Amino acid sequence: MCFLLAVQLQVTVKAQNSKAAVAAGEEDEFSIVVLPDTQYYTGEKHGGKKEMFFAQTDWIVKNAAAEHVKYVIQLGDISDDGEQFPQQWVYASEAMYRLEKPLPGYPQGIPYGMAVGNHDQTKSQFPVTGVTAQYNKYFGVDHFKGKKWYGGHYGNDNDSHYDLFTAAGIPMIVLYFEYDSYDENIEGLNRWAAGVLEKYSERKAILVSHSIIHFNKTTGTNEKGFPAFSKQGQRVFDRLKSYPNVMMTLCGHVGDNGEGYRQDGYAGNIIKTFLSDYQSRPNGGHGLMRLMTFNRSRDLISVRTFSPYTGEEETDADSHFTLPWLHHTNVARQLDFNNDQLTDIAFFNNGTWKITGQPDVTLGQAGDIAATADYDGDGKTEPAVFRPSEGKFYLPGGKVVTLGKAGDIPVCGDWDGDGFADVAIYRPTTLTWYINGMDSIRFGNKNGIPVPADYDGDGKLDVGIFRTDNSLWQTSLGNIPLQVKHTPGDIPVPADYDGDGKAEMALYRPGTGEWLIDFDAPVKFGQPGDIPVPGNYRKGGKANIAVYRNGKIYLQDGTAINAGDAAVATMVNLPTGVRAVLKM
């Protein structure tokens with residue numbers, strides 16, 4: 001069957017999956033507005049004006065319906081002088097109360113919450129001995145207790161509190177932590193937050209505190225080394241990272257470069273942290289704010305940074321970007337070239353790439369080896385090649401990385417957990433792993449083939465070896481290896497088959513058509529001669545058991561996806577272990 005028909009069939013399957021992902025009547029997309037430090041707007045200092053704050057909330061009111069705004073988060077330092085100048089709080093209330101006016105679809109106005117920063121405390125940086133009377137006068141418990149989104153508070157005031165809302169059918173909770181630089185009450189705050197997260201375990205959680213991380217090490221990019229946690233941020237993260245409903249943290253406070261991003265994995269959950277603070281920019285931040293748009297069916301977060309006061313929009317890579325939301329490239333976005341959360345069928349032959357639903361791409365030449373991965377961190381797989389004859393990787397955008405030599409096996413992926421794939425090779429002759437920018441790792445066996453995967457769910461690829469002489473799995477994690485009764489020809493197929501964010505050790509047994517995943521009972525699916533091609537052919541973050549047979553990919557549910565008439569040896573969907581065992 002021609003490749004065009006294969007594309008049409010695959011696109012039809014993807015369209016059906018997309019429709020099924022969102023229940024009837026539910027929105028597929030929603031937005032959260034983020035308002036960074038407003039202290040120089042309310043304080044009218046350093047060129048800042050109260051009208052900049054007013055312009056932000058006026059924009060939200062005007063665009064709430066069109067942008068599907070479900071919630072607004074203010075990041076703290078509402079004022080500049082705490083209790084000293086009450087007029088600053090009058091300006092803040094004039095700005096934020098605009099959100100409370102009833103609108104079509106918003107009977108109580110647009111839900112919002114506010115963090116208490118160090119400039120909002122008199123005796124700055126102390127949540128217990130500091131005073132926040134002005135904050136509580138305008139944004140206290142009594143003001144919010146009648147709002148349908150208001151969840152509750154910590155202690156006797158509203159300095160730390162939480163809100164509840166639902167967006168695109170997803171229940172959400174936002175917890176606010178008062179600024180606490182000197183650990184005056186961090187243990188109490190963390191215990192309270194832990195209890196709230198347990199009570200609302202079914203809700204996806206966003207944690208907000210004025211200070212959590214510092215700004216990016218390289219201005220204009222979200223890569224090249226994550227910023228460090230602040231003291232309070234580290235304490236909050238360490239205490240609450242084990243709650244799987246925590247998906248994100250937001251903060252301000254650090255205005256030198258104004259923007260920061262890091263992600264941290266724990267037990268299969270990736271927690272993203274975003275810093276935005278523009279007070280050090282001209283005119284106190286000139287009204288810059290953020291719109292974070294969440295797309296449910298594509299499982300993506302898109303971030304825009306702009307000022308409704310000046311009309312400007314920042315477009316550098318740490319101001320305007322897209323990231324995976326809940327499912328990530330190391331485990332749940334295998335060969336997703338178009339960011340629809342589904343595995344695409346791809347072939348690479350002598351420099352030509354044929355990818356489902358996309359125009360042909362020319363990259364590479366005869367003798368090159370496909371080295372696909374998400375090199376720019378946006379969730380999409382990019383075509384790339386390893387050229388053994390030169391010991392070089394050729395990446396998108398003309399980037400070339402020198403690494404490796406003939407006989408090496410490319411094992412590219414996110415090895416340091418920053419969301420960006422790293423160039424890497426395994427050298428069978430010395431049993432050594434070489435990862436660009438990292439120390440080499442000696443780990444292997446003369447009968448072993450590389451099976452790197454994120455086995456512990458921390459967002460980083462782990463070194464792994466499958467021995468073809470005894471079907472033994474070994475990883476560098478130091479855990480108990482998996483070994484099943486050896487059958488010659490066993491093929492390793494590690495992937496996240498249960499959607500827990502961690503890859504399972506798994507193998508396919510061609511002679512019996514059995515899949516052995518972790519220590520579970522074998523799953524029978526396949527015929528003699530089938531080739532295993534697991535992938536995310538269905539939405540939801542789980543790898544699907546699948547086999548290639550006579551030009552088609554068969555799934556357990558009976559779906560047959562036409563893979564075209566290209567030679568199977570050129571199919572990029574074949575895992576490294578499959579190629580190694582089958583000598584392809």
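Residues numbered from 1 in each chain as written. Predicted model: local features only at pLDDT ≥ 70, side-chain atom pairs only at ≥ 80, totals over all residues. Heavy atoms only, no water.

You'll find the protein entered in an unreviewed UniProt entry as Calcineurin-like phosphoesterase domain-containing protein, with Filimonas zeae given as the organism.

On to the UniProt feature "domain: Calcineurin-like phosphoesterase" (unreviewed entry) in the protein, then. UniProt annotation of "domain: Calcineurin-like phosphoesterase" (unreviewed entry) refers to residues 32-253 when read in the numbering used here. Across residues 32-253, helical content stands at 28% and strand content at 20%; the span's end C-alpha atoms are separated by 19 Å. (UniProt positions renumbered as here; feature names shortened; annotations may be inferred. Helix = DSSP H or I, 4+ residues; strand = E, 2+ residues; numbered from the N terminus.)

Non-glycine residue His-253 carries a positive phi angle of around 80°. By the secondary structure assignment, His-253 is in the loop between β8 (246-251) and β9 (259-266). You will see that Ser-471, though not glycine, has its phi angle at about 55°, which is positive. For Ser-471, a relative accessible area of 1% puts it in the buried group. (Buried < 20%, exposed > 50% of the residue type's maximum accessible area, 1.4 Å probe, protein only.)

What follows deals with the sheet that holds strand β17 (residues 361-362). Spatially, three strands are ordered β15-β16-β17 in an open sheet, and the strand pairing comes out antiparallel. Unpaired on one side and paired on the other, β15 (346-349) and β17 mark the two borders of the sheet. Pairing geometry for β15 and strand β16 (residues 352-355), over four bridges, is antiparallel. Looking across to β16, one finds that Asn-349 is bridged to Thr-352. (Pairing = 2+ DSSP bridges.)

Within the structure shown, the criterion is met by 28 aromatic pairs. Seen from their ring centres, Phe-226 and Tyr-261 are 6.2 Å apart, and the 85° between their planes marks the pair as edge-to-face. Of this pair, Phe-226 sits in the loop between β7 (204-209) and α8 (231-240) while Tyr-261 is found in strand β9, placing the two residues 35 residues apart along the sequence. There is no split in this pair, since Phe-226 and Tyr-261 are both buried. Both rings, one in Phe-274 and one in Phe-321, keep their centres 6.2 Å apart while their planes meet at 15°; by these two values the pair is stacked. Residue Phe-274 is located in strand β10 (residues 269-276), and its partner Phe-321 is located in strand β14 (residues 321-324); the two are separated by 47 residues in the primary sequence. The pair formed by Phe-274 and Phe-321 is uniform in burial state, with each residue classed as buried. Chaining the aromatic ring pairs together yields one cluster made of Tyr-154, Tyr-162, Phe-177, Trp-192 and Tyr-200. Across the ring face of Tyr-91, the terminal group of Lys-50 is positioned such that the distance to the ring centre comes to 5.2 Å. (Phe/Tyr/Trp six-rings, centres within 6.5 Å; stacked < 30°, edge-to-face > 60°. Lys NZ or Arg CZ within 6 Å of the ring centre and 35° of its normal.)

Let us now look at the packing of helix α3 (residues 50-63) against helix α4 (residues 87-96). For the pair α3 and α4, interaxial distance at closest approach is 8 Å and the crossing angle is 20°. On the basis of their axis angle, the class for α3 and α4 is roughly parallel. Both α3 and α4 take part in a crossing whose hand is right-handed. The segment α3 lies against α4, with Lys-50, Phe-53, Phe-54 and Thr-57 engaging Tyr-91, Ala-92, Glu-94, Ala-95 and Met-96. Among the residues making up the contact of α3 with α4, the classes are represented as six nonpolar, one polar and two charged. (Axes fitted to C-alpha atoms, helices over the stretch in contact; angles between N-to-C directions. Parallel < 35°, antiparallel > 145°, perpendicular 65-115°, else oblique. Left-handed = near helix turned anticlockwise from the far one by under 90°. Contact = heavy atoms within 4.5 Å. Nonpolar A, V, L, I, M, F, W, Y, C, P; charged D, E, K, R; others polar.)

This brings us to the pairing of β10. Taken across its eight residues, β10 has eight buried, putting it largely inside the fold. As defined by bridge partners, β8 adjoins β10 across four bridges and the pair is classed as parallel. Pairing of Met-248 across the sheet is with Lys-272, part of β10. Sheet topology places β9 next to β10; eight bridges connect them, and they run antiparallel. Within β10, the position partnered with Glu-259 by the bridge is Ser-276.

Another aspect to go through is the pairing of strand β31 (residues 514-517). Bridge count for strand β30 (residues 506-509) against β31 is four bridges, and the pairing is antiparallel. Opposite Tyr-508, over in β31, you have Trp-515 as the bridge partner. The turn linking β31 back onto strand β32 (residues 523-524) is made up of five residues, and Asp-518 within it adopts a positive phi angle of 50°.

Let's shift gears to empty space enclosed by the protein. Overall, the coordinates contain three cavities of 30 Å³ or more when judged by the stated rule. The computed volume of the largest cavity comes to approximately 70 Å³. Lining the largest cavity, in full, are Leu-207, Ile-212, Phe-229, Gly-233, Val-236, Phe-237, Leu-240, Lys-241, Val-246, Thr-249, Ile-271 and Thr-273. Among the elements that line the lining of the largest cavity, the one with the most residues is α8, at four residues. Its residues assigned to classes, the lining of the largest cavity shows eight nonpolar, three polar and one charged. Within this model, the second largest cavity holds a volume of roughly 40 Å³. Lining the second largest cavity, in full, are Val-34, Leu-75, Leu-250, Cys-251, Phe-274, Leu-275, Ser-276, Arg-290 and Met-292. Listing elements by their share of the lining of the second largest cavity, those giving two or more residues are β8, β10 and β11 (289-295). Top contributing element to the lining of the second largest cavity by residue count: β10, with three residues. Taken together, the residues of the lining of the second largest cavity break down into seven nonpolar, one polar and one charged. (1 Å grid on protein atoms, 1.4 Å probe; cavity = no way out; pocket = protein on both sides within 12 Å on 5 of 7 lines; lining within 4 Å. Points joined across faces, edges and corners; volume = space filled by probe spheres on them.)

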